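Residue-level listing of the chains:
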Amino acid sequence: MPTAFEQLADFYRDQSDLGGVAALLSWDQQTYMPPRGSEARARQSAALDLILHSRLADPRIGDLLAEAGEKETDPWRLAWLRELRFVRDRRVRLPAELVREFSLATSRAFSEWVAARKARDFSRFAPSLEHIVALTRQKAECYGYTGTPWNALVPDYERGMDADSLKALLTPLADASRELLRRILDAPPVETRFLEQKWDIAQQREFGLRVARDLGYDMRAGRQDVTPHPFCTTIGRGDVRITTRYSESSLLDSLMATIHESGHAMYEQGMPESLEGSPLAEAPSMGMHESQSRFWEIRVAHSRPFWERYYPILQQYFPGHLDEVPLETFYRAVNRVVPGLTRVEADEVCYNLHVVIRFTIELELFDGSLEVGGLPERWNALYREYLGLDVPDDAAGCLQDVHWSYGAFGYFPTYSVGNIYGAMIAEKLEAEVPKYEDALRSGNFAPILAWLRENIHRHGSIYSAAELVERMTGKAPTAQPLITHLERKYGEVYNLR
Ligand code: ZN
């Protein structure tokens, strides 16, 4: 007779495989599915979600968890059980009917969001979003919370944090960013006009894939496709896919999206085989996942030594485009700081301000001080206040992100948490990887990836994100290393005193 733990391990392997099927359906929906397939796909995804839910909610699984919890003493198995218990406790609190309705509503809302964004008109998306907010409130009630209902949503993304602890991390960062931005805008702007050319999309794709491969994204276990909102998804072991988007008028956006998503993919590819099919084969939090993508995108691909290697290569991919542009001019252009309307295109200084705007709006939506209908107006006011910008229409404003159509409230702050973790990790990694800058300069990223594998990837979710950061750096999560990095780096790029 297999032990309770062994029975749970068998159960979870199937659960994980079915999760991969759900991920594949969702990937297909966002890449190749014809538009008229959306109703059927919504039903298929909802049916699969229901199967996953019912299997997890089965009282037998609860009994096995209790039994295994009493018998097992090995720390690895205890972490395994803790993770499954967490996921199950979250799901069993939700009635099956709510899960089904939520899945249907979000699947449909995605199509509504696409249509509204195309029409640049939030009012077309508002009814779907209102429905999703109402369902999300019901979820919050099922989970239980103290303070704002929003707090009930955070553990799905950043376990251990809530509105107050996130404010404590993000407020000093936002204040420092606004002050730094003010000083940058007083300095002479960096030269970027040479970026305003036509950049052949096929060449962009080739160059991006070359960099992704060099960094260590294993393309025999991955692929890249095109979607309006770039993402990374794991279908199963040996199949971690990314997407990007291209624009002929922009060289850096798709390249950085490719590198960003490759960072996510390399984390997933770095999960050890021993964790396959277990609840530990996951990042401990979205912020930790984001720390990996942001590390490669920002700390590596925005650095001078990186471009010392890749600039001459880039020049060859686009003959005649950059012949007159010295490396230093290009480097400063890569690190230009210009307040813009789009989060995914934001520079490092403005990025966290985009996040704080969404964080503020979500808190207001859930504490009841903001109605869904008032969202565009509030959004536009915050963009004026934080970034000094007027939002011309909803597509450039509150319809730019896909997240709310999924009902992913509580998710946005993880982007800044990722930047915060990323800076803490970078400080340590740069000190510990021998000849770090030489590694970048020679395009030999293997020692860097090996450090991340050793210190982060191989642990899956055995440790919590905060524990992992503390093991690595000896510090509790803090924005200080990020603030120090921003002030040092942009002080240099803009010759600030
Ligand atoms: Zn990301």
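Residues numbered from 1 in each chain as written. Predicted model: local features only at pLDDT ≥ 70, side-chain atom pairs only at ≥ 80, totals over all residues. Heavy atoms only, no water.

Novice: Residue-level account of the overall build of the chain, with values.
Specialist: A tally of regular secondary structure across the chain gives 19 helices and three strands. Dimensions of the chain along its principal axes, counting C-alpha atoms only, are 70 × 50 × 45 Å. Looking at the 497 residues of the chain, the share that counts as buried comes to 57%. Relative to all contacts within the chain whose residues are 6 or more apart in sequence, the contacts with residues 24 or more apart total 75%. Total accessible area on the chain is roughly 21100 Å²; 50% of this is exposed by carbon and sulfur atoms. Counting 57 positive and 72 negative side-chain charges, the chain places the centres of these two groups 2 Å from one another. (Helix = DSSP H or I, 4+ residues; strand = E, 2+ residues; numbered from the N terminus. Buried < 20%, exposed > 50% of the residue type's maximum accessible area, 1.4 Å probe, protein only. Contact = heavy atoms within 4.5 Å. Areas by Shrake-Rupley, 256 points an atom, 1.4 Å probe, with all protein chains shown as cover. Lys, Arg positive; Asp, Glu negative; His and termini not counted. Charge placed at Lys NZ, Arg CZ, Asp CG, Glu CD.)

Novice: So, the packing of helix 15 (residues 413-432) against helix 18 (residues 465-473): which residues are in play, and what are the values?
Specialist: Direction vectors running N to C along helix 15 and helix 18 enclose 25°, while the axes themselves pass 10 Å from each other. Relative to helix 18, the element helix 15 lies roughly parallel. Crossing geometry of helix 15 relative to helix 18 is assigned as left-handed. Here Tyr-421, Met-424, Ile-425 and Lys-428 of helix 15 lie close against helix 18, whose contacting residues are Ala-465, Ala-466, Val-469, Met-472 and Thr-473. Split into classes, the residues belonging to the contact of helix 15 with helix 18 amount to seven nonpolar, one polar and one charged. (Axes fitted to C-alpha atoms, helices over the stretch in contact; angles between N-to-C directions. Parallel < 35°, antiparallel > 145°, perpendicular 65-115°, else oblique. Left-handed = near helix turned anticlockwise from the far one by under 90°. Nonpolar A, V, L, I, M, F, W, Y, C, P; charged D, E, K, R; others polar.)

Novice: Pulling in residues and values, what's your account of the environment of Pro-447?
Specialist: Position of Pro-447 among the secondary structure elements: in helix 17 (residues 446-455). Judged by its relative accessible area of 31%, Pro-447 is partly exposed. Setting aside anything within four residues of it in sequence, one finds Pro-447 in contact with Val-433 and Ala-439.

Novice: Got a sec to walk through a negative patch on the surface? Specific residues and values, please.
Specialist: Taken together, the side chains of Asp-14, Asp-17, Glu-273 and Glu-276 present a region of like negative charge at the surface. Note that Asp-17 resides in helix 1 (residues 4-31). (Patch = residues over 30% accessible without salt bridge, like charges linked within 9 Å, V, L, I, M, F, W, Y side chains within 5 Å. Salt bridge = Lys/Arg side-chain N within 4 Å of Asp/Glu carboxyl O.)

Novice: I'd like to hear about the nonpolar core, residue by residue, with values.
Specialist: Counting 142 residues, the largest nonpolar core has Trp-296, Trp-307, Phe-330 and Ile-448 as the members making the most contacts within it. It is helix 13 (residues 348-367) that contributes the most residues to this core, twelve residues altogether. Among all residues touching Ile-448, those that are not within four sequence positions of it are Phe-295, Trp-296, Leu-429, Val-433, Tyr-436, Ala-439 and Leu-440. If you look at the next biggest cluster of nonpolar residues, it comprises 18 residues, including Tyr-12, Leu-56, Leu-64 and Leu-65. (Core = buried A, V, L, I, M, F, W, Y, C linked by side-chain atoms within 4.5 Å.)

Novice: I'd love a proper account of the pattern of salt bridges, names of residues and values included.
Specialist: A side chain with one charge may pair with a side chain of the opposite charge, provided their charged atoms come close. All told, the structure shown has 32 salt bridges when counted by the stated rule. Here Glu-83 ties to Arg-82 by a salt bridge, and the two come within 2.9 Å at their closest N and O atoms. Glu-364 is paired through a salt bridge with Arg-378; the nearest N and O atoms lie 2.7 Å apart. Residue Glu-364 is located in helix 13, and its partner Arg-378 is located in helix 14 (residues 375-387); the two are separated by 14 residues in the primary sequence. Its relative accessible area of 26% is what places Arg-378 among the partly exposed residues. Overlapping salt bridges, with partners in common, bring together Glu-308, Glu-437, Asp-438 and Arg-441 in one network.

Novice: How would you summarise the coordination of the zinc ion if you had to cite specific residues and measurements?
Specialist: Coordination of the zinc ion by the protein comes from His-260 (NE2), His-264 (NE2) and Glu-290 (OE), over a distance range of 2.1 to 2.2 Å. Along the chain, the residues donating to the zinc ion fall in the pattern H-x3-H-x25-E. Of this pair, His-264 sits in helix 9 (residues 252-269) while Glu-290 sits in helix 10 (residues 286-300); the two residues are 26 residues apart in sequence, bridging distant segments of the chain. On the basis of relative accessibility, which here comes to 3%, the residue Glu-290 falls in the buried class. (Donors = N, O, S within 2.8 Å, 3.2 Å for Na, K, Ca; no water.)

Novice: Any details on the pairing of strand 2 (residues 232-236)? Residues and values, ideally.
Specialist: Pairing of strand 2 with strand 3 (residues 239-244) involves four bridges; the strand directions are antiparallel. The residue bridging Thr-233 from the neighbouring strand is Arg-241, located in strand 3. Counting the residues in the hairpin turn of strand 2 and strand 3 gives two residues, including Gly-238, whose phi is positive at 85°. (Pairing = 2+ DSSP bridges.)

Novice: Before we move on, could you go through the layout of surface pockets and cite the residues and values that matter?
Specialist: Within this model, the second largest pocket holds a volume of roughly 990 Å³. Contributing to the lining of the second largest pocket are 38 residues, with Ser-250, Asp-253, Arg-336, Thr-342 and Glu-345 lying nearest its centre. For the lining of the second largest pocket, the secondary-structure elements that each account for two or more residues are helix 9, helix 10 and helix 13. When residues in the lining of the second largest pocket are grouped by element, the largest group, four residues, is from helix 9. (1 Å grid on protein atoms, 1.4 Å probe; cavity = no way out; pocket = protein on both sides within 12 Å on 5 of 7 lines; lining within 4 Å. Points joined across faces, edges and corners; volume = space filled by probe spheres on them.)

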